[in-house]
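# Architecture at a glance
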Amino acid sequence: MIALGIWGNALQIYITIPKIIKAPEEPVAEGLSFFSSVYRVFFNTLATSHMVAMGLIAAALWGFSYHQTDFLKAKYYVEEKRNSFMNNAEVLRNHAVILAVAYMGLKFTSPIMSSLVKTTVLLHAVKMCVFSIILYVVMAVISCDTGEVVDLQGRKYVQPECSQHCGCTSLWQEFTPVCIVDQMTTYLSPCHAGCTGVEEVGGVQVFANCSCGALVSHATRGSCSINSCSGALQFHQILYTLLLSVSALAVQAHGSMLMRSVETQDQSVMLAMTGAVVAIFTFVFGHMIFVAIDGMNCVWVESGKCLLHSPRHFYLVSGVSGGMVMIACIITITMLVSLKLSKRRKKKAQESLDESYI
């Protein structure tokens, strides 16, 4: 699949490179200094609008992805399992995003599109932003029956009394939900369920001698709702892959427009300024907002580390991310409307000019 992408890019380069190279024009010496370029880019309303829109989309996606593990813990009580740096699901997810971005990159360039149609690209960016907002909302509202979690009361969690004598250390208090089989009740760790051993029952490894259950009680790894919530969790992962794709496509569309909104001699400065703006929005403003949300919704803290958030955490994360994309969408729609009005005015002016010659 990667090889096909490489061959496709190679073929595109061969087709688009002109066979006859024109002699370069002499550059104009006036206004080519670094600070002149910075001034022109900074006061280019169209360019700065694209930068802000890209920064908002990137901040929303980064904040949502960075808190993805906390999101799944709070909503589905799922323990994130990672056997390597990247699991197979993530590899397939990244391939889907790469293919989507590569396809649209080919669609908006030669020879498929001989010249960039600004209104078409902006309309595409608006569609991707709207789709992203819908995905954020849907991922927030999908739910399942997570059952009962012992001693999890609203915005506070305390270790159950039945396991207070276990002397759980921080190592054993990590978020590792287990299900007491005879009660079908979820505890947030084997130690908090009072389990003191591990046995093998029917070829399955289970936690044994759990004091929070019956006299002879076993606990299985994972919450009691792991089966009932598997469908909702898989649907969430599908939507998350779509979110990555449409967010990348929205940024790509803005980037394509951004390259054509400044003069050629200002493009290198524009790229540097775009990177700076996106980084500031993502890792400064966006990070501060999501850190504040993280602190407000933490219900279980051990050794200064938040192990679990309240159920409203995923609503706030999705809402803030969707709000950022909505602002970017409004900016994009404003640019699209302004561009269409500008074309209409130019057309009327041309018609008036033609009539004056008649």
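Residues numbered from 1 in each chain as written. Predicted model: local features only at pLDDT ≥ 70, side-chain atom pairs only at ≥ 80, totals over all residues. Heavy atoms only, no water.

Looking now at the overall build of the protein. Looking only at helices and strands, one finds nine helices and nine strands in the protein. A total of 358 residues make up the protein; the buried ones form 40% of that total. In the protein, the share of contacts with a sequence separation of at least 24, taken over all contacts with a separation of at least 6, comes to 74%. (Helix = DSSP H or I, 4+ residues; strand = E, 2+ residues; numbered from the N terminus. Buried < 20%, exposed > 50% of the residue type's maximum accessible area, 1.4 Å probe, protein only. Contact = heavy atoms within 4.5 Å.)

Note: disulfide means a covalent bond formed between the sulfur atoms of two cysteine side chains. Summed over all chains, the structure comprises four disulfides. Here Cys 195 pairs with Cys 210 through a disulfide, and the sulfurs are 2.0 Å apart. Its S-S torsion of about 95 degrees marks the bond between Cys 195 and Cys 210 as right-handed, since a negative value means left-handed. In this pair, Cys 195 sits in the loop between β4 (185-187) and β5 (197-201) while Cys 210 sits in the loop between β6 (204-208) and β7 (219-221), placing the two residues 15 residues apart along the sequence. The class for Cys 195 is buried, based on a relative accessible area of 13%. (Disulfide = S-S within 2.5 Å.)

Now for the pattern of salt bridges. Taken as a whole and assessed by the stated rule, the structure comprises one salt bridge. One salt bridge connects Arg 40 with Asp 266, and the closest N-O pair in it is separated by 2.7 Å. In this pair, Arg 40 sits in helix α2 (residues 34-42) while Asp 266 sits in the loop between α7 (230-259) and α8 (267-296), placing the two residues 226 residues apart along the sequence. (Salt bridge = Lys/Arg side-chain N within 4 Å of Asp/Glu carboxyl O.)

Before going further, it helps to spend a moment on the confidence of the model for the protein. Confidence in the prediction for the protein averages 80 pLDDT; 79% of positions are at 70 or higher. Taken element by element, the protein is modelled with least confidence in helix α1 (residues 2-16), mean pLDDT 50, and with most confidence in helix α3 (residues 45-66), mean pLDDT 93. For the stretch residues 1-6, pLDDT sits under 50, and the model shows three contacts to residues farther than four places along the chain or on other chains. (pLDDT = per-residue confidence, 0-100.)

So, about unusual backbone geometry. The phi dihedral of Tyr 77 falls on the positive side, at around 55 degrees, and the residue is not glycine. For Tyr 77, the position within the fold is in the loop between α4 (68-76) and α5 (88-107). Of note, Asn 209 is a non-glycine position whose phi angle comes to about 55 degrees, a positive value. Positionally, Asn 209 belongs in the loop between β6 and β7.

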